[in-house]
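Listed below, chain by chain, are the residues.
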Amino acid sequence: MSQKMMLLSATLSSGYGVQGQAWRAPENDTRNLTDVEVQVKLAQTAERGKFAFLFAPDFPGARGDMENQAPASTLDPIVTLSVLAHETTRVGFIATGSTTYNEPYNLARQFKALDVLSRGRMGWNAVTTSDPIAVANYGEQVRPRAERYERAHEMITIVQALWGSWGEDAWVGDVDTGQFLDMDQIQPINLGGKHIASRGPLVIPPSEQGQPVVASAGGGEYGLGLAGRYASVAVGSSTYDFATTRQEREMYRSAAHQAGRDADELKYFTGFMPIMGSTVEEAIRRRMQMDEHLAPQRVPMLGQMLGLSLDASRADQPLSGPQLESARANPADPRSSRALEIAYQGWTPREILAHGVIDYAPSPVGPPEAIADYLQDAFEAGIADGFWLQQATYAIADDFVDEVVPILQKRGLYHRDYQGSTLREHLGVPRQYGQDPRVS
Ligand SMILES: Cc1cc2nc3c(=O)[nH]c(=O)nc-3n(C[C@H](O)[C@H](O)[C@H](O)COP(=O)(O)O)c2cc1C
């Protein structure tokens with residue numbers, strides 16, 4: 001199979017889906033928040049869809065309007081993934097772990113353990129943790145960015161060295177001679193920097209893919225420096241048009257090249273939040289049901305995007321002729337021009353919002369063919385190597401896998417089955433054990 005195909009991933013969040021209101025969706029049980037069976041079912045859905053991985057963001061703290069919206073992060077993903085790894089056989093997992101509020105030995109040990117338990121399907125999304133709410137949980141104030149990233153470089157370097165500290169052929173297990181391990185191949189790393197250090201070795205043998213994949217999300221000059229050196233997966237920030245997303249992908253590729261790596265070793269993923277139904281109208285109706293209680297806060301936000309003064313009392317009345325005439329897309333918000341386009345079609349403010357115009361990622365709307373068309377256009381425009389499904393509710397993951405994936409397969413854009421068994425094989429990135437000798 002020589003034609004390049006798109007990669008897919010989905011989000012592992014609380015037990016409802018990524019939308020804060022998803023806990024009210026009719027198909028969700030309100031007690032799903034910490035129900036691991038729901039997560040197992042999602043992982044099996046992703047596997048049925050031949051997804052490369054499930055991406056588990058994490059935020060160690062209480063934030064947002066938790067009185068009304070389900071928190072996105074509850075259980076530490078590392079803990080949840082030890083269950084999911086056992087209940088699946090092919091799909092990969094990328095879990096978030098802080099480079100600032102961990103010690104290298106802890107991170108190296110936890111992630112490599114999961115990599116071994118999952119038989120080589122694990123990745124680590126290395127984040128620097130700069131939100132004061134999270135930081136306060138470690139008794140600290142936010143550290144300066146330069147310091148956070150200096151520590152992040154040290155962290156990844158030491159963690160990778162620890163991962164490689166049990167030599168690939170060290171496990172002898174010779175019953176006749178009585179030699180269990182070749183200790184010449186299991187040696188301390190004695191590695192330290194300005195902030196952290198570890199002696200090693202780490203007493204965990206290689207997994208089927210050697211060691212976990214490193215992923216990076218967030219971008220910016222510092223983030224690109226980190227991703228360019230170490231990451232096999234970059235998850236892009238919220239971009240809403242093909243040109244901007246393609247540009248971000250190019251920045252990651254050139255960061256990898258500058259670090260002495262092949263740009264193709266870094267796979268760029270961008271998010272999308274499909275709004276699905278058998279027709280556009282049904283998709284909108286479904287989404288409106290879930291978002292019913294968000295209008296008071298969101299209609300004024302839509303007003304700001306359109307340069308109009310809108311309030312929730314007019315959520316169900318189409319915009320008037322004079323309003324449409326004076327509406328302007330807010331140049332400070334990249335989502336505004338799409339909102340304006342939809343307003344011109346005659347939808348009410350509540351319906352415009354149900355098109356996902358203020359979602360965190362582009363939101364194609366409509367039947368499976370329309371979602372497949374969007375992904376085909378985006379992939380053929382070269383904006384990403386892979387697409388990260390942010391399913392508003394978990395039911396959308398099932399709909400997507402059962403209805404959109406077969407279309408993509410039929411069009412020759414997406415693989416019909418896994419070609420290998422490890423996350424590195426799913427991504428098409430090279431094996432690595434220990435540090436990358438090309439990156440000093
Ligand atoms: C798609 C995406 C996913 C992210 N996921 C997380 C996450 O799960 N946890 C987290 O703490 N930060 C997450 N981030 C934030 C970044 O990793 C990074 O911390 C942020 O962009 C700024 O960090 P800095 O101020 O230290 O540069 C994510 C960013 C993006 C774009």
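Basis of the calculations
- Residues numbered from 1 in each chain as written.
- Predicted model: local features only at pLDDT ≥ 70, side-chain atom pairs only at ≥ 80, totals over all residues.
- Heavy atoms only, no water.
- 1 Å grid on protein atoms, 1.4 Å probe; cavity = no way out; pocket = protein on both sides within 12 Å on 5 of 7 lines; lining within 4 Å.
- Points joined across faces, edges and corners; volume = space filled by probe spheres on them.
- Helix = DSSP H or I, 4+ residues; strand = E, 2+ residues; numbered from the N terminus.
- UniProt positions renumbered as here; feature names shortened; annotations may be inferred.
- Contact = heavy atoms within 4.5 Å.
- Buried < 20%, exposed > 50% of the residue type's maximum accessible area, 1.4 Å probe, protein only.
- Polar contact = N/O pair within 3.5 Å; in protein donor to acceptor, adjacent residues only side chain to side chain.
- Expected span 1.5 Å × (residues − 1).
- Arc of directions from axis to C-beta.
- Right-handed = clockwise from strand over helix to strand, strands pointing away.
- Pairing = 2+ DSSP bridges.

K.L.:
What is the right way to look at empty space enclosed by the protein in this model?
P.N.:
One simple way to see leftover space: roll a probe sized like a water molecule over the atoms. Scanning all chains against the criterion turns up three cavities of 30 Å³ or more. The volume enclosed by the largest cavity comes to roughly 160 Å³. Lining the largest cavity are 17 residues, and of these Ser13, Gln39, Thr74, Leu75 and Thr80 sit closest to its centre. Secondary-structure elements contributing two or more residues to the lining of the largest cavity are α1 (36-48) and α2 (77-87).

K.L.:
Mind showing me how you'd approach the UniProt feature "binding site: FMN" (unreviewed entry) in the chain here?
P.N.:
The UniProt record marks Asp58, Thr96 and Tyr149 with the feature "binding site: FMN" (unreviewed entry), using the residue numbering of this structure. Set against the largest cavity, the annotated residues that line it come down to Asp58. By the secondary structure assignment, Asp58 is in the loop between β2 (53-56) and α2. Excluding residues that lie within four positions of it along the chain, Asp58 makes contacts with Ser73, Leu75, Pro77 and Thr96. Within the secondary structure, Thr96 sits in strand β3 (residues 92-98). Accessibility expressed as a relative area gives 7% for Thr96, which makes it buried. In contact with Thr96, other than residues within four places in its own chain, are Phe55, Ala56, Pro57, Asp58, Pro77, Asn125 and Val127. Of note is the side chain of Thr96, whose polar atom sits 2.8 Å from the backbone oxygen of Ala56.

K.L.:
Can you help me understand helix α9 (residues 295-306) in this one?
P.N.:
Side chains of residues three or four places apart in an α-helix project in the same direction, reflecting 3.6 residues per turn. Relative to the 16 Å expected for twelve residues at 1.5 Å per residue, α9 spans 16 Å between its end C-alpha atoms, a close match to the ideal helical length. Along α9, the residues classified as buried are Ala295, Arg298, Val299, Leu302, Gly303, Met305 and Leu306. Looking straight down α9, one finds its buried side chains confined to an arc of 160°; they lie on one side. Facing away from the buried side of α9 by more than 90 degrees, the exposed set consists of Pro296 and Gln304. With its phi angle positive at about 70°, Gly307 sits one or two positions after the end of α9.

K.L.:
Mind showing me how you'd approach the pairing of β2 here?
P.N.:
One face of the sheet, then the other: side chains in a regular strand alternate in exactly this way. Side chains of β2 alternate between two faces, with Phe53 and Phe55 and Leu54 and Ala56 buried alike. In this fold, the crossover linking strand β1 (residues 7-11) to β2 by way of α1 has right-handed handedness. Bridging between β2 and β3 involves four bridges; their strand directions are parallel. By the bridge assignment for β3, Leu54 is matched with Phe93. Running through α2, the crossover from β2 to the neighbouring parallel element β3 is right-handed.

K.L.:
Even after reading the chapter, I still don't get the pairing of strand β14 (residues 386-389), so can you show me in this structure?
P.N.:
Side-chain alternation along β14 places Gly386 and Trp388 on one buried face and Phe387 and Leu389 on a second face that is also buried. As paired strands, β1 and β14 are joined by four bridges and run parallel to one another. Following the sheet pairing, Ala10 is matched in β14 by Leu389. Bridge analysis of strand β11 (residues 267-272) against β14 gives four bridges, and the strand direction is parallel. Bridging across to β14, Thr270 finds its partner in Phe387.

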